[in-house]
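Okay, here's what each chain looks like letter by letter:
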Amino acid sequence: MTESSPSLSEPIAQTSKLGDRLFGGTSKGAGILILVTLAAVSLFLISEAWPAFTTDLTDLDGGDTFFQYVLPLVFGTIWASFLALTIALPLAVAVALFISHYAPRRMASTLGYFVDLLAAIPSVVFGLWGITVLAPILARSIYPWLEENLGFLPFFAGPASTSGRTMMTAAIVLSVMVLPIITAISREVFLQTPRLHEEASLALGATKWEMISQAVLPYGRSGVVSGAMLGLGRALGETMAVAIILSPADLITFNVISNQNPNTIASNIALKFPESSGLEVNRLIATGLVLFLITFIVNVFARRVADSGFSGAEG
Amino acid sequence: MTLLEVEPSSPERSRHQKSSITAGQLGRKWHIVIVVSSILVGALTWVPTGSVNWARWVIVALVTYCVGVYVAARLVEGRRKAMDRLMTALITGAFALVSLPLISVVWTVVERGSSRFDVEFFTSSMRGVVGEGGGAYHAIVGTLIVTALATAMSVPVGLFTAIYLVEYGNGRRLARAIATMVDVMTGIPSIVAGLFAYAVFVAAFGPGARSGIAGAVALTVLMTPVVVRSSEEMLRLVPNELREAATALGVPKWKVIVKVVLPTAISGIITGIMLAIARVIGETAPLLVTAGIAQGVNWNPFDGRMTTLPVYTYYQYVQPGVPPDAGQDRAWTAALTLMLIVMALFTLARILSTVLQPKGLK
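Residues numbered from 1 in each chain as written. Chains lettered and ligands numbered in written order. Predicted model: local features only at pLDDT ≥ 70, side-chain atom pairs only at ≥ 80, totals over all residues.

So, the overall build of chain A
- Per the secondary structure count, chain A includes 11 helices and 2 strands.
- Along its sequence from the N terminus, chain A presents helices and strands in the succession α-α-α-α-α-α-α-α-α-β-β-α-α.
- In terms of overall dimensions, chain A has C-alpha extents of about 70 × 65 × 30 Å along its principal axes.
- Residue burial in chain A is summarised as follows: out of 315 residues, 48% are buried.
- Across chain A, contacts joining residues at least 24 apart in sequence account for 81% of those joining residues at least 6 apart. (Helix = DSSP H or I, 4+ residues; strand = E, 2+ residues; numbered from the N terminus. Buried ≥ 20, exposed ≤ 12 C-beta atoms within 10 Å, placed from the backbone. Contact = placed C-beta atoms within 7 Å.)

Some thoughts on the nonpolar core
- Formed by 193 residues in total, the largest nonpolar core has its most connected members in Val-125 of chain A together with Phe-196 and Ala-335 of chain B.
- Looking at this core element by element, the count peaks at 19 residues for helix H3 (residues 66-102) of chain A.
- Among the domains, domain 1 (11-115) and domain 2 (123-355) of chain B are the pair contributing at least three residues each to this core.
- Counting residues in each nonpolar core, the second largest holds 9 residues, with Leu-26, Leu-62, Tyr-65 and Ala-82 of chain B among its members. (Core = buried A, V, L, I, M, F, W, Y, C linked by C-beta atoms within 7 Å. Domains from an automatic or database assignment.)

Comments concerning the packing of helix H11 (residues 240-248) of chain B against helix H12 (residues 253-281) of chain B
Residue and element names in this part refer to chain B.
- Viewed as axis vectors pointing N to C, H11 and H12 meet at an angle of 155°, and their least axial separation amounts to 10 Å. Taken together, the axis directions place H11 and H12 in an arrangement best described as roughly antiparallel. In the crossing of H11 with H12, the sense of the turn from one axis to the other is right-handed. In this structure, H11 contributes Leu-242, Arg-243, Ala-246 and Thr-247 to the contact, and H12 contributes Val-256, Val-260, Val-261 and Thr-264.
- In the contact of H11 with H12, the residues fall into 5 nonpolar, 2 polar and 1 charged. (Axes fitted to C-alpha atoms, helices over the stretch in contact; angles between N-to-C directions. Parallel < 35°, antiparallel > 145°, perpendicular 65-115°, else oblique. Left-handed = near helix turned anticlockwise from the far one by under 90°. Nonpolar A, V, L, I, M, F, W, Y, C, P; charged D, E, K, R; others polar.)

What about the interface of chain A and chain B?
- Contacts between the two partners involve 70 residues from chain A, matched on the other side by 79 residues from chain B.
- No other element matches helix H2 (residues 18-54) of chain A, which puts 18 residues into the side of chain A that touches chain B.
- A per-class count over the side of chain A that touches chain B returns 46 nonpolar, 18 polar and 6 charged.

A word on the domain arrangement of chain B
Residues and elements named next belong to chain B.
- Domain assignment breaks chain B into domain 1 (11-115) and domain 2 (123-355).
- Relative placement of domain 1 and domain 2: their C-alpha centres are 43 Å apart.
- Each partner contributes to the interface: domain 1 provides 6 residues, whereas domain 2 provides 6 residues.

Topic: helix H8 (residues 208-237) of chain A
Residue and element names in this part refer to chain A.
- Across its 30 residues, H8 extends only 38 Å between first and last C-alpha, which sits more than 12% below the 44 Å expected from 1.5 Å per residue.
- Helix geometry: H8 is bent most strongly at Arg-221, by close to 55°.
- Most of H8 is tucked away: 21 of the 30 residues are buried. (Expected span 1.5 Å × (residues − 1). Bend = angle between axes of the 7 residues up to and from the residue.)

Notes on the environment of Val-124 of chain A
- Along the chain, the position of Val-124 of chain A falls in helix H5 (residues 123-150).
- Residue contacts for Val-124 of chain A: discarding those within four places in its chain leaves Met-240 of chain A together with Thr-284, Pro-310, Thr-313, Tyr-314 and Ala-335 of chain B.

Here we look at the confidence of the model for chain A
Residue and element names in this part refer to chain A.
- Averaged over every residue, the pLDDT of chain A is 84; the share at 70 or more is 91%.
- Every residue in residues 1-6 is under pLDDT 50, and counting partners more than four places away or in other chains gives 12 contacts.
- Scored below 50 in pLDDT, residues 310-315 makes 10 contacts in the model with residues more than four places away or belonging to other chains. (pLDDT = per-residue confidence, 0-100.)

A short note on the packing of helix H5 (residues 79-113) of chain B against helix H15 (residues 324-355) of chain B
Residues and elements named next belong to chain B.
- Where H5 meets H15, the closest approach of the two axes is 8 Å, and the angle between their N-to-C directions is 125°. Comparing their axes, H15 and H5 come out oblique. Classified by chirality, the crossing of H15 by H5 is left-handed. In this structure, H5 uses Val-109, Val-110, Arg-112 and Gly-113 to contact H15, whose residues at the interface are Trp-332, Thr-333, Ala-335, Leu-336 and Met-339.
- Of the residues in the contact of H5 with H15, the class split is 6 nonpolar, 2 polar and 1 charged.

This is the structure:
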C-alpha cells in the first residue's frame with residue numbers, strides 16, 4: 001500500500017475555508033463513530049453479561065456456574081469448526097488450484113464469479129438444504145456403514161443417528177459454507193505467483209504438479225493460512241445452519257454420528273434466545289461474549305499470518 | 001499439456017525406458033479408454049440398489065479414474081508423470097466433488113421453492129393463516145425496510161471513514177486505531193452483533209423490546225466494516241496524480257475529494273456497497289434476536305416486531321403449522337426469493353462496476 005494524500009495539499013489547507021473544515025471534520029467524526037460503536041458493543045455486551053458471572057445460576061438448568069454451562073458449548077463450537085475446516089481446507093486449495101492453474105482461462109473467470117456468489121448464499125438456505133437433502137442421505141447410507149466398520153474409533157462409536165442431525169452433518173454443511181471463502185482467497189494468492197518462478201520450474205523439466213508444489217504452493221502458503229483462518233472465523237460464528245441441523249444435548253463428546261451432540265455457542269443462542277427471559281438472557285449474552293473473544297483471537301492470529309507477508313513475495 | 005500419441009520408436013528401446021524423456025506417453029486413445037471404463041464402473045453401482053444415485057456414480061467414477069490413470073501412467077510413463085496425472089485427476093476431481101453439493105443446494109432451492117412461487121406468496125401475509133395459503137409479503141416488506149435502514153446508516157459512516165483513512169489519516173495514530181478496529185469489527189460474529197443491538201435497545205426501552213430498527217442497528221454493525229474496507233481499497237486505487245493536479249489548480253481539498261477522487265472511484269465503491277447489502281440481506285441470526293417475528297405487515301420499524309425474509313424462512317421451516325407441507329413449501333419459496341435477491345444484487349454490482357468505470361482507469 002502506498003501512502004496517499006500528499007503533503008502538497010498543506011498550503012491549500014491554510015487558505016481553505018469552512019467547507020474544508022466541515023468535510024474533514026465529518027470524515028474524522030465518522031471514523032471516531034466506529035471506535036465509539038465498537039466500544040459500545042463491548043460495553044453493552046459486558047454490562048448485559050455481567051449478572052451471569054456474578055449471580056448464582058443454580059435455579060437455571062444446565063450447570064450451576066456459568067463456566068459449567070459454557071464449557072460444552074465452547075467445545076462444540078471449536079469441534080464443529082475444526083471438523084469443517086479439516087474437510088474444507090484441502091478441497092478449497094484443490095479447487096483454487098483448479099481455477100487458477102488447470103481450468104481454461106475463459107472458464108476460470110466465470111468460476112471465480114460463481115465462487116464469490118456462493119459465498120453470499122444465506123446460511124439459512126444452507127441449513128434447509130443440509131437438513132432436507134444431506135442429512136437423510138448420510139443417515140441412510142454413510143452413518144450405519146461408519147458405525148459398523150469404523151465403530152472402534154471414538155468418532156464413529158454411534159449409535160448412528162437415523163435422522164442425520166449429527167455433528168458430522170453440521171460440519172459438512174459448514175465446510176460447504178466456508179469453502180467459497182477459502183477458495184476465493186487462495187485463488188487470489190495462487191494467481192499472484194510470479195510467472196518467472198513458474199516458468200523457471202517448468203524449464204528445469206518439472207511436471208505441472210512439481211511446478212505447483214515447488215513454486216505455487218510455497219508462495220501462496222501464508223495466503224492460504226489466512227484464508228483458512230477467515231473461514232474458521234465464519235465457521236465459529238455460523239448460527240443458523242447449525243441451529244437447524246444439529247440435535248443438541250448438554251455434553252462433551254467426540255462422537256460425530258450420534259443424536260447426542262454438543263451444541264455450538266451461536267446456535268445455542270439462536271435456539272434459546274426467543275424463549276428466554278431474565279437471567280437466562282444474561283447468560284446467553286455472556287456466551288456471546290465468549291464467542292466474540294474466540295473469534296477475536298482467531299482474527300488477530302489470521303491478521304498476523306497475513307501481515308507476515310507472502311513468503312518470497314515481491315520485495 | 002497435450003496428450004500426444006508418441007509410439008516408442010522401436011520395441012527394444014521401449015524395453016529400456018527409464019528416463020522420463022525416452023519414456024513412452026499415455027496416448028489419448030488409452031486415456032479415453034480409462035475415462036469411459038471408470039464411468040462404466042461408476043454405473044455398476046446402480047446394480048445392487050436398482051436406482052440411479054448420481055452422487056455415488058460420480059464419486060465411484062472419480063476414484064476409479066484416479067486409480068486407473070495412476071497405474072497406467074506408472075507402467076507406461078514412469079513415477080513422476082504418474083504423480084502429475086494423479087494430482088491433475090485429484091484436483092479436477094475435487095472440483096467436481098465440491099460442485100456436487102453446491103449444485104445440489106441451488107437445484108433443491110429452485111425445485112422446492114417453485115411450487116409456491118405464485119402471486120399469493122408475494123401479496124399476502126401470514127395473518128390468520130394456519131394451514132395452506134399465506135405468503136411472505138410482510139417478510140419482504142420487513143427485509144426491505146430493515147436493509148434500507150441499515151444501508152442508510154452504514155454507507156455514510158463507512159464511506160466517510162474510508163475517506164478519512166485514505167485522504168486525511170496519513171499514518172496518524174487515530175487512523176491506525178480506526179483501521180485496526182475496522183478489522184476487529186469485520187470479525188464480529190453476526191449473532192454477537194444481534195446481541196449488541198438487543199442489549200442497546202433493552203437498555204433504552206426495557207426488556208423484551210423487539211423492533212425493525214434494532215435489527216437495522218445489528219446489520220449496520222455488520223455492514224459498516226465491509227463498506228469501509230471496500231471503499232478504502234477503491235479510494236487508494238485513485239492515482240495520486242489526479243489529486244495533485246486538482247490541488248495544483250487551487251481547488252480546496254474537500255472539492256478535490258468530491259469532484260475528482262469520488263467520481264473516479266465511484267464504480268468500485270458502489271460495487272462494494274451492493275456486495276455488502278447482498279451479504280447482510282441474508283443474515284438470519286441477528287434479526288432473530290432483534291426484530292423477532294410477526295404474522296402481519298408492519299410498516300413501522302420503530303414499533304413492534306418485524307418479520308424479515310431469512311427469519312421467516314427459518315420459522316416456516318421449524319414451526320410449519322398443522323399440515324407441515326404448506327409451511328415447508330413457504331420456507332423453500334422464501335429461500336428461493338432470498339437467493340434471487342442476492343443473485344440480482346450480485347449481477348447488478350457486476351454490471352454497475354463495468355458501466356460506471358471511468359475511462360482510462362485499469
